[in-house]
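# Secondary and tertiary structure notes
Given next are the chains, with one letter for each unit.
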Amino acid sequence: QVQLTESGGGLVQAGGSLRLSCAASGRMFSTYRMGWFRQAPGKEREWVAYITGGGTTFYADSVRGRFTISRDNAKTTVYLQMNSLKLEDTAVYYCAAKRPTVETYDYWGQGTQVTVSS
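Quick summary incoming for the structure in this document.

Here is what the cut-offs are and how they apply
Residues numbered from 1 in each chain as written. Predicted model: local features only at pLDDT ≥ 70, side-chain atom pairs only at ≥ 80, totals over all residues. Heavy atoms only, no water. Phe/Tyr/Trp six-rings, centres within 6.5 Å; stacked < 30°, edge-to-face > 60°. Helix = DSSP H or I, 4+ residues; strand = E, 2+ residues; numbered from the N terminus. Buried < 20%, exposed > 50% of the residue type's maximum accessible area, 1.4 Å probe, protein only. Lys NZ or Arg CZ within 6 Å of the ring centre and 35° of its normal. Core = buried A, V, L, I, M, F, W, Y, C linked by side-chain atoms within 4.5 Å. Contact = heavy atoms within 4.5 Å. Pairing = 2+ DSSP bridges.

### A few points about the packing of aromatic side chains
- Tallied over the entire structure, the rule returns 5 aromatic pairs.
- Here F37 and Y105 contribute two aromatic rings whose centre-to-centre distance is 5.1 Å and whose plane-to-plane angle is 85°, an arrangement assigned as edge-to-face. Here F37, found in strand 4 (residues 33-39), pairs with Y105, found in the loop between strand 9 (91-98) and strand 10 (107-108); they are 68 residues apart in sequence, far enough to count as distant.
- For Y105, a relative accessible area of 16% corresponds to the buried category.
- Considering the side-chain rings of Y50 and F58, the 4.7 Å spacing of their centres and the 25° angle between planes classify their relative orientation as stacked.
- Among the aromatic side chains, those forming a connected cluster through ring pairs are F37, Y105 and W108.
- Sitting above the plane of the W108 ring, R45 keeps its charged end 3.9 Å from the centroid.

### Remarks on the nonpolar core
- Within the largest apolar cluster, 31 residues are counted, with the highest numbers of intra-cluster contacts made by L4, M34, W36, L80, M82 and Y93.
- Of all the secondary-structure elements, those providing two or more residues to this core are strand 3 (18-24), strand 4, strand 5 (46-51), strand 7 (67-72), strand 8 (77-82), strand 9 and strand 11 (112-117).
- Ignoring anything within four residues of it in the chain, the contact list for Y93 reads E6, L20, W36, F37, R38, V48, F67, L80, M82, G111, T112 and V114.

### Description of the pairing of strand 3
- For strand 3, a buried count of 5 out of 7 residues is recorded, marking the element as mostly surrounded by other parts of the structure.
- With 4 bridges connecting them, strand 1 (residues 4-7) and strand 3 associate as antiparallel partners. Note on strand 3: the bridge partner recorded for T5 is A23.
- Of the pairings in the sheet, the one linking strand 3 to strand 8 comprises 6 bridges and is antiparallel in character. What sits directly across from S21, in strand 8, is Y79.

Spelled out as structure tokens, the structure:
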């Protein structure tokens, strides 16, 4: 069982920055693909970014160049640095873990609210 706990959300003005953290339990963290997703009010959950166990990163077009995903395997933590925030980045942000033996993300955090104001 893997437990994920997000932190770092909050209220920020447009153009500002926030860093989200997701602390994970489990001894096999370094093997997990770790992803960030978000869900805005009235919208479907969407993928934001993910990082492989080896550190390769992928981003949604909407955040590429503004957001950076990283991981610290020693601390079993994944981060999402969000810069140049826009109003449309307002959402609940979730981290998720995918074990190498499964097809989809099978562990999810409880989410952290990010609100970008004008």
